[in-house]
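Read off the chains here:
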Amino acid sequence: AFLAEIRTWRELLAKDIAARNRALTLDELNTAVQNLIDRIIFLRIAEARGLEQHDALLDTVKSGDAGVYERLLGLFKRADDRYNSGLFHFSASGSSGPPDTLSPNLDVGDAVLNGLLPHLYYPHPYEFSVMPADILGRVYEQFLGETIILSPGHQATVEAKPEVRKAGGVYYTPQPIVEYIVGKTLGPLLEGRTPKQVQNLRVVDPACGSGSFLIVAYQHLIDWHTDYYATR
């Protein structure tokens, strides 16, 4: 249900942003829509788990005043200061890579945002405070299997990526299998080592999707260090 919801978001936002920002390239349009959805979902989860002010996203549309996107940008820029992450990166300092100069200059319609943001709150059926990362990972990988296409008249549609159509879909590796594979690969590399030796270890997943293997590898390393220091 959540995947169907954000697929609808992508299409609505793509059509609106493409119509209002006709100078955007296809890559810029895909990036703008993806960043907007990622940032909204991140902040909604942070709200639900007590890390952000309750209903902050909803308050951007509650007033009924024009300028919803400008109010959202205010939340995003505060998140940039707070989290210092690549997801919110508007200033030249703090995070690696060039800052996002695209999002602050977008024109996004109030109507589309007024229609989307309330769907993240009651009575809609998503309880983000308890939604597992595994569910979000499955949704995200399926979401990444599609892309925005622009017609010659700059009208946007959403289609499955050619490589996904060829493969017959996107496949998400179940959590127990991820944990087994990480245990069998990282486990032998950690055996008999010290933290000083382990600090030079590097882990790569060149086709990481939602990052499920990297997240489990990170947790495996945390657990290994905890056990190491707890027994010495």
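See the structure above.
First, a word on scope: everything that follows refers to the structure included in this document. (Residues numbered from 1 in each chain as written. Predicted model: local features only at pLDDT ≥ 70, side-chain atom pairs only at ≥ 80, totals over all residues. Heavy atoms only, no water.)

## A look at the nonpolar core
Part 1 of the reasoning: Leu13, Ile17, Ile40, Leu72 and Phe76 are the most contacted members of the largest nonpolar core, which totals 46 residues.
Part 2 of the reasoning: Looking at this core, the elements with two or more residues in it are helix 1 (2-20), helix 2 (26-48), helix 3 (56-62), helix 4 (68-83), helix 5 (110-116) and helix 6 (133-143).
Part 3 of the reasoning: Here the element with the most residues in this core is helix 2; it accounts for nine residues.
Part 4 of the reasoning: The residues touching Ile17, leaving out its near neighbours within four places in the chain, are Leu24, Leu29, Val33, Leu36, Leu106, Asp107 and Val108. (Core = buried A, V, L, I, M, F, W, Y, C linked by side-chain atoms within 4.5 Å. Buried < 20%, exposed > 50% of the residue type's maximum accessible area, 1.4 Å probe, protein only. Helix = DSSP H or I, 4+ residues; strand = E, 2+ residues; numbered from the N terminus. Contact = heavy atoms within 4.5 Å.)

## Brief notes about the pattern of salt bridges
Part 1 of the reasoning: Applying the stated criterion across every chain yields a total of ten salt bridges.
Part 2 of the reasoning: In this structure, Arg44 engages Glu47 in a salt bridge whose closest nitrogen and oxygen atoms are separated by 3.7 Å. Taken as a pair, Arg44 and Glu47 lie in helix 2 at a separation of three residues, close to a single helical turn. Both residues of the pair, Arg44 and Glu47, count as buried.
Part 3 of the reasoning: A single salt-bridge network, built from bridges that share partners, covers Arg7, Arg10 and Glu146. (Salt bridge = Lys/Arg side-chain N within 4 Å of Asp/Glu carboxyl O.)

## Things to note about the packing of helix 1 against helix 6
Angle between the axes and distance between the axes are the two parameters that describe a pair of packed helices.
Part 1 of the reasoning: In contact at an axis separation of 10 Å, helix 1 and helix 6 are set at 40 degrees when each is read in the N-to-C sense. One finds that helix 1 runs oblique with respect to helix 6. The interaxial crossing formed by helix 1 with helix 6 has right-handed handedness. Facing Phe2, Leu3, Ile6, Arg7 and Arg10 of helix 1, the residues of helix 6 in contact are Leu136, Val139, Gln142 and Phe143.
Part 2 of the reasoning: Considering only residue class, the contact of helix 1 with helix 6 consists of six nonpolar, one polar and two charged. (Axes fitted to C-alpha atoms, helices over the stretch in contact; angles between N-to-C directions. Parallel < 35°, antiparallel > 145°, perpendicular 65-115°, else oblique. Left-handed = near helix turned anticlockwise from the far one by under 90°. Nonpolar A, V, L, I, M, F, W, Y, C, P; charged D, E, K, R; others polar.)

## Remarks on the pairing of strand 2 (residues 156-160)
Part 1 of the reasoning: Sheet topology note: the strand 1 (residues 146-150)/strand 2 ladder contains five bridges and is antiparallel. Residue pairing in the sheet places Ile149 in a bridge with Thr157 of strand 2.
Part 2 of the reasoning: Two successive antiparallel strands, strand 1 and strand 2, enclose a turn made up of five residues, where His154 displays a positive phi of approximately 65 degrees. (Pairing = 2+ DSSP bridges.)

## Some points on the packing of helix 2 against helix 4
Part 1 of the reasoning: Relative to each other, helix 2 and helix 4 sit at 70 degrees, their axes nearing to 11 Å. Overall, the two elements helix 2 and helix 4 adopt an arrangement that is roughly perpendicular. Considering how the two elements wind past one another, helix 2 and helix 4 form a crossing that is left-handed. Residues Leu36, Arg39, Ile40, Phe42, Leu43 and Ala46 of helix 2 lie in contact with helix 4, whose contacting residues are Tyr69, Leu72, Leu75, Phe76, Ala79 and Tyr83.
Part 2 of the reasoning: Looking at the contact of helix 2 with helix 4 residue by residue, the classes come out as eleven nonpolar, no polar and one charged.

## With respect to helix 2
Residues lying three or four places apart along an α-helix face the same way, a consequence of the helix completing one turn every 3.6 residues.
Part 1 of the reasoning: When the terminal C-alpha atoms of helix 2 are compared, their 33 Å separation across 23 residues agrees well with the 33 Å that a helix rising 1.5 Å per residue should span.
Part 2 of the reasoning: Gly50 lies just past helix 2 and shows a positive phi near 80 degrees. (Expected span 1.5 Å × (residues − 1).)

## As for the environment of Leu87
Part 1 of the reasoning: Structurally, the position occupied by Leu87 is in the loop between helix 4 and helix 5.
Part 2 of the reasoning: In this structure Leu87 comes out as partly exposed when scored by relative accessible area, which is 24%.
Part 3 of the reasoning: Note: C-alpha distance between Leu87 and Lys15 (72 residues apart in sequence) is 23 Å.
Part 4 of the reasoning: Apart from residues lying up to four places away in sequence, Leu87 is in contact with Asp38, Arg39 and Phe42.

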